[in-house]
Every structure is written in structure tokens, then in C-alpha cells.
Amino acid sequence: QVQLVESGGGLVQRGESLRLSCAASGFTFGWYVMSWVRQPPGKGPEWISAIDTGSGVTRYADSVKGRFTISRDNAKNTVYLQMNSLKPEDTAVYFCNAAGTILHPEGYWGQGTQVTVSS
């Protein structure tokens, strides 16, 4: 039914770039604020970015501001995360999230994609 599928992760060296994608289906994508959350190995989840439904307003965690860019294409039901100037501390599993509603307060989550940055 509802699916969020992340892709684009991989192994890169410090300073390189990756572009993550999250393809959504099974719900009205354009009605949801979308976020990216990451979880480094052995640590808790860290929210890193969000984008509004249609206004284009975005927010970023200080740790990625100026390096990462979130975007969405509602016609394609897809949210993206362009990651530049990657650092080893960016190593994590990256998840996309559709914000919860009163009927689904837990929101929707993908399975995650691994990003590893070597030094």
C-alpha cells in the first residue's frame, strides 16, 4: 500500500557528492511535508531537512546547512536530497519521512539507504 523507497546511497570519499531519491506511492504525496532523517551507526536518529508541500520553503539542520539541498517533484511523487562536500561524519542510514496526520500520527517511513563517506 503506502511505500517510500530511498535510493542513491553508496560509498564515496570525503568531499564528493551524492544525490538521494525517495519515491512515494500509496498516498497523496503533494499534501505532505517531507523530511530526511539520518541515523549514524550506534547513534539515534537525527533530523536533517524538510520541505513544505508546495511553497518551496525548506529547513535544514545546522550540521548540513550550506552543503545539502532538499527538493521535491510532486508530479513524480519524489523527494530528493543533494549532498555536496560530504564528510565522514555524514556516514549514516538516510530515511525519508512523510509527516504524520491525525489519522496516521506516526507518519510514513522508507527502509533507508546507506551513505558511507571515507576519509
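Quick note: structure is the one above.
It should be emphasised that the depicted structure is a prediction, and the values quoted were computed from it without experimental measurement.

Observations regarding the side chain of Arg67
Here Arg67 shows up in the loop between β6 (58–60) and β7 (68–73). Here Arg67 falls in the buried class, since its relative accessible area comes to 11%. Arg67 has contacts with Gln82, Met83, Asn84, Ser85, Leu86, Lys87 and Asp90, leaving out every residue within four places of it along the chain.

Quick word on the state of the cysteines
Within this structure, the stated rule accounts for one disulfide. Put simply, Cys22 and Cys96 are joined by a disulfide, and their sulfur atoms are 1.8 Å apart. In this structure, the disulfide formed by Cys22 and Cys96 twists by about 40° around the S-S bond and is classed as right-handed. You can see Cys22 sitting in strand β3 (residues 18–25) and its partner Cys96 sitting in strand β9 (residues 92–98), a full 74 residues away along the chain.

Rules behind the numbers
Residues numbered from 1 in each chain as written. Predicted model: local features only at pLDDT ≥ 70, side-chain atom pairs only at ≥ 80, totals over all residues. Heavy atoms only, no water. Helix = DSSP H or I, 4+ residues; strand = E, 2+ residues; numbered from the N terminus. Buried < 20%, exposed > 50% of the residue type's maximum accessible area, 1.4 Å probe, protein only. Contact = heavy atoms within 4.5 Å. Disulfide = S-S within 2.5 Å.

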